[in-house]
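Coordinate analysis (summary)
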Amino acid sequence: MKLIYYSVFFLWYLLSLLPLRMLYAVSDLLYYPLYYIIRYRRRIVRRNLETSFPERTAEEIRQTEREFYHFFGDYVMETLKLFSMSRRQMHRRMTFEGVATLSDDLKKAGKKTCFVYLGHYCNWEYVASLADWVPDIRCAQIYHPLYNPAFDRLFLRLRSQFGGECIPMKETLRRLLALSREEGITMVGFIADQAPKWEAMDHWTTFLHHDTSFFMGLERIARKLDAAVYYLDIRRTRRGYYHAELKPVTLSPRDWPEGALTDEYARLLEARIRQEPAYWLWSHNRWKRTKEEWEQRRKLSKETAV
């Protein structure tokens, strides 16, 4: 494992030393085989776009599809660049709005924990640099460990290089409870737009014309810890540059009914995707588990239990 890790790290680090304009040239070249020859997940991307935007024409769908593959190549090159990107460069390429207001609001409300919803939109790897913008707040992010230990270690290095802590998903509650007992404020990022497994599904909402199940963990832990909840609204200002606004959702999650915070997150993310759809991760098979099949499984499980 160590040999794989150091070999890949050395290769990726050398490539990351290339100027971004050269890496973008590679991205432009890779677009054609990726889209036209390899056709990487094109069936999934096309189906997701068509069912999410039934009001759009076939040509509009194809245009968004092409824009997505262009951006996906950029995302790969930008992430590769992280291996050698300085803090100064990152501060120019990923900016945040609402940081000072958030810090003041948390202190006034006496909050020790803040949760931030975001999605696989724009370059989500750059969001880890938020830790550099809030030196007075302890930052962390929830992540799903990769199956390959070498690549898992590589991405952990990337995501923690600006000072944030990476918390494995299975250790979320235990670690957050521990952090809540420490001095100071903790801010935790949740990329919450992935599909949960069957056993974790218990709430459905409408998202991009689909019955969609989301992870409910953030909402439930927010109530347990009485954490403030924010949404990170990210947009691409130009190639290689992103701007994110921290939008308050609530300082009192216990006042919201079950499922309401998750529904609000889905609404905010959908609004951003509809404005610029090419920058969401359409290659993810988001709706492979349907509400109909979930209901059938629940019915069968109850009948078996009886």
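For the structure given in this document, a descriptive report is provided here. (Residues numbered from 1 in each chain as written. Predicted model: local features only at pLDDT ≥ 70, side-chain atom pairs only at ≥ 80, totals over all residues. Heavy atoms only, no water.)

**Describing a nonpolar patch on the surface**
On the surface, Tyr32, Tyr36, Ile37, Ile38 and Tyr40 cluster together into a nonpolar patch covering about 570 Å² of accessible area. With respect to the helices and strands, the residue Tyr36 is situated in helix H2 (residues 20-37). By relative accessible area, Tyr36 is classed as partly exposed at 45%. (Patch = residues over 30% accessible without salt bridge, like charges linked within 9 Å, V, L, I, M, F, W, Y side chains within 5 Å. Areas by Shrake-Rupley, 256 points an atom, 1.4 Å probe, with all protein chains shown as cover. Salt bridge = Lys/Arg side-chain N within 4 Å of Asp/Glu carboxyl O. Helix = DSSP H or I, 4+ residues; strand = E, 2+ residues; numbered from the N terminus. Buried < 20%, exposed > 50% of the residue type's maximum accessible area, 1.4 Å probe, protein only.)

**Quick notes on the sheet that holds strand S4 (residues 165-168)**
Spatial strand order, S1-S9-S8-S2-S5-S3-S4: seven strands in an open sheet with mixed pairing. Bordering the open sheet on either side are strand S1 (94-97) and S4, each of which pairs with just one other strand. On average, each strand axis in the sheet is tilted by 30° relative to the strand beside it, whichever way the strands run. Where strand S2 (residues 113-118) lies against strand S5 (residues 185-191), six bridges are found, and the strand directions are parallel. In the strand pairing of S5, Leu118 is matched with Ile191. Each of S2, strand S8 (228-238) and strand S9 (241-250) is contacted by helix H10 (residues 260-275), which is oriented at about 10° to S8, the strand it contacts most. (Pairing = 2+ DSSP bridges. Axes fitted to C-alpha atoms, helices over the stretch in contact; angles between N-to-C directions. Contact = heavy atoms within 4.5 Å.)

**So, the pattern of salt bridges**
Under the counting rule described, the total for this entry stands at 25 salt bridges. With a closest N to O distance of 3.3 Å, Glu182 and Arg138 form a salt bridge. You can see Glu182 sitting in the loop between helix H8 (172-180) and S5 and its partner Arg138 sitting in strand S3 (residues 137-143), a full 44 residues away along the chain. Residue classification places Glu182 among the partly exposed residues on the basis of a relative accessible area of 32%. Ionic contacts of the salt-bridge type, sharing partners, join the residues Asp202, Glu219, Arg220, Arg223 and Glu258 into one network.

**So, the packing of aromatic side chains**
The description of an aromatic ring pair rests on the distance of the ring centres and on the angle between the ring planes. All chains considered together, the criterion is met by 30 aromatic pairs. Between Phe96 and Trp133, the ring centres sit 5.6 Å apart and the planes meet at 70°, which makes this aromatic pair edge-to-face. Residue Phe96 is located in strand S1, and its partner Trp133 is located in the loop between S2 and S3; the two are separated by 37 residues in the primary sequence. Aromatic pair Phe214 and Tyr265: ring centres 5.7 Å apart, planes at 80°, arrangement edge-to-face. Of the two residues, Phe214 is situated in the loop between strand S7 (210-213) and helix H9 (217-225) and Tyr265 in helix H10; the sequence distance between them amounts to 51 residues. Since its relative accessible area comes to 1%, Phe214 is described here as buried. The buried category is assigned to Tyr265, whose relative accessible area is 1%. In textbook terms, an aromatic cluster arises when at least three aromatic residues are bridged by ring pairs, as seen for Tyr31, Tyr32, Tyr35, Tyr36, Tyr40, Phe68, Tyr69, Phe72, Tyr75 and Trp124. Sitting over the face of the ring of Tyr35, Arg42 holds its NZ or CZ atom 4.1 Å from the ring centroid. The lysine or arginine in question, Arg286, covers the ring of Phe214, its NZ or CZ lying 4.9 Å from the ring centre. (Phe/Tyr/Trp six-rings, centres within 6.5 Å; stacked < 30°, edge-to-face > 60°. Lys NZ or Arg CZ within 6 Å of the ring centre and 35° of its normal.)

**Looking at the pairing of S7**
Remark: a regular strand shows side chains that alternate across the two faces of the sheet. With four bridges connecting them, strand S6 (residues 204-207) and S7 associate as antiparallel partners. In the sheet register, Trp204 faces S7, and the bridge partner there is Ser213. Adjacent in sequence and paired antiparallel, S6 and S7 are bridged by two residues, among which Leu208 carries a positive phi angle near 55°.

**Quick look at the side chain of Lys111**
In this structure, Lys111 sits in the loop between helix H6 (99-109) and S2. Relative accessible area serves as the criterion here: at 10%, Lys111 is assigned to the buried category. Only 2.9 Å separates the side chain of Lys111 from the side chain of Asp226, close enough to count as a polar contact. When near neighbours in sequence (up to four residues on either side) are disregarded, Lys111 contacts Leu106, Ile185, Asp226, Ala228 and Leu251. (Polar contact = N/O pair within 3.5 Å; in protein donor to acceptor, adjacent residues only side chain to side chain.)

**Details of helix H3 (residues 42-52)**
Three or more residues of H3 are buried, namely Arg42, Ile44, Val45, Asn48, Leu49 and Ser52. Buried residues along H3 cover an arc of 165° about the axis, so they all sit on one side. The elements touched by buried residues of H3 are H2, helix H4 (58-81), S7 and H10. (Arc of directions from axis to C-beta.)

**Description of the state of the cysteines**
Under the counting rule described, the total for this entry stands at zero disulfides. Cysteine Cys139 is unpaired, with the sulfur of Cys114 as its nearest cysteine sulfur at 9.1 Å. (Disulfide = S-S within 2.5 Å.)

**What about the packing of H2 against H4?**
Axis separation between H2 and H4 bottoms out at 9 Å; the angle between their running directions is 135°. Taken together, the axis directions place H2 and H4 in an arrangement best described as oblique. Between H2 and H4 the crossing geometry is right-handed. Mapping the contact onto sequence places Leu20, Leu23, Tyr24, Val26, Ser27, Leu30, Tyr31, Leu34, Tyr35 and Tyr36 in H2 and Arg62, Glu65, Arg66, Tyr69, His70, Phe72, Gly73, Asp74, Met77, Glu78, Leu80 and Lys81 in H4. (Parallel < 35°, antiparallel > 145°, perpendicular 65-115°, else oblique. Left-handed = near helix turned anticlockwise from the far one by under 90°.)

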